[in-house]
Amino acid sequence: MYKILITDDEEKIRALIKKYAIFEGHTAVEAANGMEAVELCRKETFDIIIMDIMMPELDGFSAVKEIRKNQNIPVLMLSARGEEYDKIHGFELGIDDYVVKPFSPKELMMRIDAIMKRAGRDQSQEHDIFVKDGLTADFTARRILIDNENIDMSPKEFDLIFYMIRNKNIALTREKLITEVWGYDFYGDDRTLDTHIKLLRKSLGDYASLITTLRGVGYRFEG
């Protein structure tokens, strides 16, 4: 079934949701605040996140924004408040549903099923993955995995590696890479690109050699 990340600072709420999730055949992992949720998403893969808004350390909105930098995981938001502003702000961040406390656990599970059916339909149509031996680039989820381990990268590293993979086996000039990845209004120099290539190779570890330096031209991703 689904692997669910339950994020709420109230232990009783987490326990209640977890009980019903397991009863429905799902796997459930708990996080007591937004920061824990962000860290867990860097280490593990989840099918959906249940996220409370008001929490210590890091609130739910900020946690979702941080997680969405690297992964497009469906999110169901929980709140003790039903203000329109909270709902609008949540949907602007791209959350999939919003439930006000107190709630029916059974209804919550039904909403999760509805979200996952929609997400599954979209993913079956659009899921986009590149695989090279033990290296996996998941364009849809915006993730890089090496031997099934999630690799932490900066947003610009993700932009760079995804662009190079999309254009694999093509000689990419420095000017082309800078224009496509940084934009036409970039005012830096070639050293910025070289520095990011160096960081990217470090992140790729044993697969760093897939990025070939073309002297006097630029770089090529060997796909």
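Worth saying up front: this structure is predicted, and the values here are computed from it rather than measured.

Novice: What am I meant to see in the overall build of the chain here?
Specialist: A tally of regular secondary structure across the chain gives eight helices and 12 strands. Principal-axis analysis of the C-alpha atoms places the extent of the chain at approximately 65 × 35 × 30 Å. For the chain, buried positions account for 45% of its 223 residues. Look at the contacts in the chain between residues 6 or more apart in sequence, and 56% of them connect residues 24 or more apart. Of the charged side chains in the chain, 32 are positive and 40 negative; the average position of the first set lies 3 Å away from that of the second.

Novice: Sorry, what's going on with the nonpolar core here?
Specialist: Grouped burial of nonpolar side chains is what soluble globular proteins tend to show. By size, the foremost hydrophobic cluster in this structure holds 29 residues, and its most contacted members are I144, I161, M164 and F221. The set of elements that each furnish at least two residues to this core consists of β7 (135-138), β8 (143-146), α6 (155-166), α7 (174-182), α8 (190-204) and β12 (218-221). Among the elements that take part in this core, α6 stands out by supplying seven residues, more than any other. Apart from residues lying up to four places away in sequence, I161 is in contact with I144, M153, L200, L204 and F221. Core analysis: the second largest hydrophobic core is formed by 22 residues, C41, I67, I73 and I95 among them.

Novice: Would you mind going over the sheet that holds strand β11 (residues 211-214) with me for this structure?
Specialist: What links the strands of a sheet is backbone hydrogen bonding, and the strands pair in either a parallel or an antiparallel sense. In space, the three strands of this open sheet follow the order β10-β12-β11, with antiparallel pairing throughout. Where the open sheet ends on each side, the last strands, each with one partner, are β10 (172-173) and β11. Relative to β12, β11 runs antiparallel, the two being bridged by four bridges. Within β12, the residue paired with L214 across the bridge is G218. Helix-sheet contacts for α6 involve β10, β11 and β12, and the interaxial angle to β12 is about 70°.

Novice: Looking at this structure, how should I read the packing of aromatic side chains?
Specialist: For any pair of aromatic rings, the description rests on two quantities: the centre-to-centre distance and the angle between the ring planes. The final tally for this structure, using the stated rule, is three aromatic pairs. Centre to centre, the rings of F130 and F221 are 6.0 Å apart; their planes meet at 75°, and the pair counts as edge-to-face. Residue F130 is found in strand β6 (residues 129-132), and its partner F221 is found in strand β12; the two are separated by 91 residues along the sequence. F130 gets classed as buried once you look at its relative accessible area, which sits at 10%. For F221, a relative accessible area of 0% corresponds to the buried category.

Novice: I would appreciate a short explanation of the confidence of the model for the chain in the present structure.
Specialist: Reading predicted coordinates in detail is not appropriate for stretches of low pLDDT. Summary statistics for the chain give a mean pLDDT of 87 and a share of 92% for residues scoring 70 or more. Highest mean pLDDT in the chain belongs to β11 (97); lowest belongs to helix α5 (residues 105-126) (74). Low pLDDT (under 50) marks residues 121-125, which in the prediction has one contact with non-local residues, meaning those over four places away or in another chain.

Novice: Before we go on, may I ask you to explain unusual backbone geometry in this structure?
Specialist: The linkage connecting K101 with the following residue, P102, adopts the cis geometry, with an omega of -10°. As for its placement among the helices and strands, P102 is situated in the loop between β5 (97-100) and α5. One non-glycine residue with positive phi stands out, namely E57, at about 70°. Mapped onto the fold, E57 is located in the loop between β3 (48-52) and α3 (60-67). Residue E57 is classed as exposed on the basis of its relative accessible area of 64%. Phi is positive for D147, which is not a glycine, with a value near 55°. Summarising the element assignment, D147 is placed in the loop between β8 and β9 (149-150). Judged by relative accessible area, which is 52%, D147 ranks as exposed.

Novice: In this structure, what is going on with α6? I would like to understand it.
Specialist: Owing to its 3.6 residues per turn, the α-helix aligns residues three or four sequence positions apart on the same side. Taking 1.5 Å as the rise per residue, α6 with 12 residues should run 16 Å; its terminal C-alpha atoms sit 17 Å apart, in good agreement. Of all the residues in α6, the buried ones are E157, F158, L160, I161, F162, Y163, M164 and I165.

So, how was this worked out
Residues numbered from 1 in each chain as written. Predicted model: local features only at pLDDT ≥ 70, side-chain atom pairs only at ≥ 80, totals over all residues. Heavy atoms only, no water. Helix = DSSP H or I, 4+ residues; strand = E, 2+ residues; numbered from the N terminus. Buried < 20%, exposed > 50% of the residue type's maximum accessible area, 1.4 Å probe, protein only. Contact = heavy atoms within 4.5 Å. Lys, Arg positive; Asp, Glu negative; His and termini not counted. Charge placed at Lys NZ, Arg CZ, Asp CG, Glu CD. Core = buried A, V, L, I, M, F, W, Y, C linked by side-chain atoms within 4.5 Å. Pairing = 2+ DSSP bridges. Axes fitted to C-alpha atoms, helices over the stretch in contact; angles between N-to-C directions. Phe/Tyr/Trp six-rings, centres within 6.5 Å; stacked < 30°, edge-to-face > 60°. pLDDT = per-residue confidence, 0-100. Expected span 1.5 Å × (residues − 1).

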